[in-house]
Amino acid sequence: MSTKPSSEEMEEIMESFRAVDVDNSGSISVSELGDLFQQVGMPLPGYKLRPLLQKLDKNDDSKISLEEFTAIFRDMKDDISAQSFRKALIKKKGVVAIGGTSERSSEGTQHSISEAERISFANYINSSLGKDPDCKRLLPIDPKTAALFAAMSDGILLCKFINLSVPNTIDERTINKKKLNEFTTQENLNLALNSASSIGCQVVNIGAQDLKEGKPHLVLGLLWQIIKIGLFANIGLSNNAAIGALLEEGESLAELMKLSPEELLLRWVNFHLKKVGMSISNLSSDIQDSKAYFHLLEQIASDGNKENVSNVTIDMSGINEKDLAKRAECMLQQADRLGCRQFVTAADVVSGNSKLNLAFVATLFNNRPALTKPENQDWDLKSETREERTFRNWMNSLGVSPRVHHMYSDLTDAMAILQLYEKTNVKVDWDNKVNLPPYKGASGNIRKIENCNYALELGKGKANFSLVGIAGTDLSDGNSTLTLALLWQLMRRYTLKLLEHLGQGEAAGEKLIVSWVNKTLSKAGKSSINSFKDNSISTSTPVLDLIEAIKPSSVNFELVKTGSLSDEDKLDNAKYAISMARKIGAKVYALPEDLLEVNQKMVMTIFACLMARGMMKA
């Protein structure tokens, strides 16, 4: 399926593009491409090179643009003859090729890890968690060695890191911190992985054993996802109205709201650079000389819009340093004065490491946005609801591409929805029924609606969903109520599919789950529930009793509040119950508030996931 590259894949493509574009011209000349093939020992004959260039060089200027290179890179991704080419790119980008440790690696697959990322992430963890008493024996991590990977092996640091990114995701009372053994370590890693999934990390191909063994490429990939989720949390118009200052002339609020966090950050940088007559188009080659950064720091140093932020005068003398590495170091010293020296070294700036520079810029934005919401604007900006966040995280954890940042605007072409169908075993006819992006003009809107109509056709037909009154235009227009109705049925189908391989098949449903839950509770001498609306669920006691029945001696009932409970007591129990469910291996997406409020839909998913976990033991 030729969809738009994911953000992670695009980062790899950007780094590869820069490696080939040796003169930093922003395009790849014929000679540069030919030289690269020559360097890797697989010279491309002219009769093969010319047709390739003719096909991809759209404007016939004898140069390969980034868009054209993206097509080359993706087409060659699975081509055996391209392996040497990709290894050469890895070497030119300054990364280390390592033997793969996945199942495919036995067949010769090579994974790569970035030393720059390893160093950056280790330093970030050291500075962020260095004072945590539970992390004393693990920190500081030596960034010059592979200690980062070993430090993640017992799950404690990873659980703490997840909470650093999205506070209160994990109830720390459920983390095994002392006298660790094979089983308690496994529980910690289960807790970390299932919790990472619940905040939108894709962990489909990562298991507890991978983390226990400290597989570098998997550890770095997971850490980057967690970091990015935390950094991007407040980079959106719905939860930061001041971003409205970035509206451009003639642009609607709806158009601004559709921008991804990466696009908003670039817009933010250029908003400030415009004051000095500058602009950049990327966070890689355009920032390598540090000039844009110097001017950005100067503009945001006096941010009267944030409390407890003192004004700083940036020393601009370093911008005249001729040595780029020394100039970058001077710039970072100024960033340090703002409390924002994070993620990048001078070498990362000069090399244009797009991933780490993105994290650096996000840090600057989060600490010193220097934005003011436009006056006289009557905006009705609704924050993302808990239900919307749960669905968005669920979709992203399954690896839909491109990633869903905005609940409705990112679904208007139905591409993510169609991918969800395939992940719930509904076959999609990509070749004949789906219009692939890009979509331009009026015809583009028609093609989007056709995709949405096809999504509903699959729902009504193969998936047997109830979609009465929902039209393709409802999805393409971003109708929240009707879009959520479809997403719920997809999530329900996905949840029930967890039971199919355990012998329940398509017959698995609410009644069957309630029956199994009560049978299991009865065997353990615990009280049953009437339905997923049972008021006793608000105390979380039935959930914790079921967890104990599935895995005896796992629940510490001394931590569970009983008797006449306030909502605060119930929420405390719910936090413990959700984390305990994830700890024993249930992939729960619901939130503690869903138990407190007895949200029937989400409560069903909790019990279904616990049933799937319990039947695996049977």
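Residues numbered from 1 in each chain as written. Predicted model: local features only at pLDDT ≥ 70, side-chain atom pairs only at ≥ 80, totals over all residues. Heavy atoms only, no water.

Among the nonpolar cores identified, the biggest contains 91 residues, and Ile 125, Leu 148, Leu 157, Leu 222, Leu 223 and Trp 268 are the most heavily contacted of them. Sort the elements by how many residues they give to this core and helix α11 (residues 216–231) lands first, with 10 residues. Not counting residues up to four positions away in its chain, the partners in contact with Leu 223 are Phe 121, Ile 125, Leu 148, Met 152, Leu 158 and Phe 161. Counting 79 residues, the second-largest nonpolar core is a separate cluster that includes Val 400, Leu 411, Ile 417 and Cys 609. (Core = buried A, V, L, I, M, F, W, Y, C linked by side-chain atoms within 4.5 Å. Buried < 20%, exposed > 50% of the residue type's maximum accessible area, 1.4 Å probe, protein only. Helix = DSSP H or I, 4+ residues; strand = E, 2+ residues; numbered from the N terminus. Contact = heavy atoms within 4.5 Å.)

Overall, the coordinates contain 23 salt bridges when judged by the stated rule. Linking Asp 134 and Lys 160 is a salt bridge whose minimum nitrogen-to-oxygen distance equals 2.8 Å. Of this pair, Asp 134 sits in the loop between α6 (115–129) and α7 (147–151) while Lys 160 sits in helix α8 (residues 156–165), and the two are 26 residues apart along the sequence. Notably, a salt bridge pairs Arg 386 with Glu 597, separated by 2.7 Å at the nearest N-O pair. One end of the pair, Arg 386, is in helix α18 (residues 386–397); the other, Glu 597, is in the loop between α27 (592–596) and α28 (600–617), with 211 residues separating them in the sequence. Three or more residues joined by partner-sharing salt bridges are found here, namely Asp 132, Asp 134, Lys 160, Glu 172 and Lys 177. (Salt bridge = Lys/Arg side-chain N within 4 Å of Asp/Glu carboxyl O.)

For the pair α8 and α11, interaxial distance at closest approach is 8 Å and the crossing angle is 25°. As summarised for this structure, α8 and α11 are arranged roughly parallel, according to the angle between their axes. Only Leu 222, Leu 223, Ile 226, Ile 227, Ile 229 and Gly 230 of α11 make contact with α8, whose side of the interface consists of Leu 158, Phe 161, Ile 162 and Ser 165. Split by residue class, the contact of α8 with α11 holds 8 nonpolar, 2 polar and no charged. (Axes fitted to C-alpha atoms, helices over the stretch in contact; angles between N-to-C directions. Parallel < 35°, antiparallel > 145°, perpendicular 65-115°, else oblique. Nonpolar A, V, L, I, M, F, W, Y, C, P; charged D, E, K, R; others polar.)

Okay, helix α19 (residues 415–423) next. Counted residue by residue, α19 has 7 buried out of 9 residues, so it is predominantly covered. Regarding α19, the residues found buried are Met 415, Ala 416, Ile 417, Leu 418, Gln 419, Leu 420 and Tyr 421. Trailing α19 by a residue or two, Asn 425 shows a phi angle of about 65°, which is positive.

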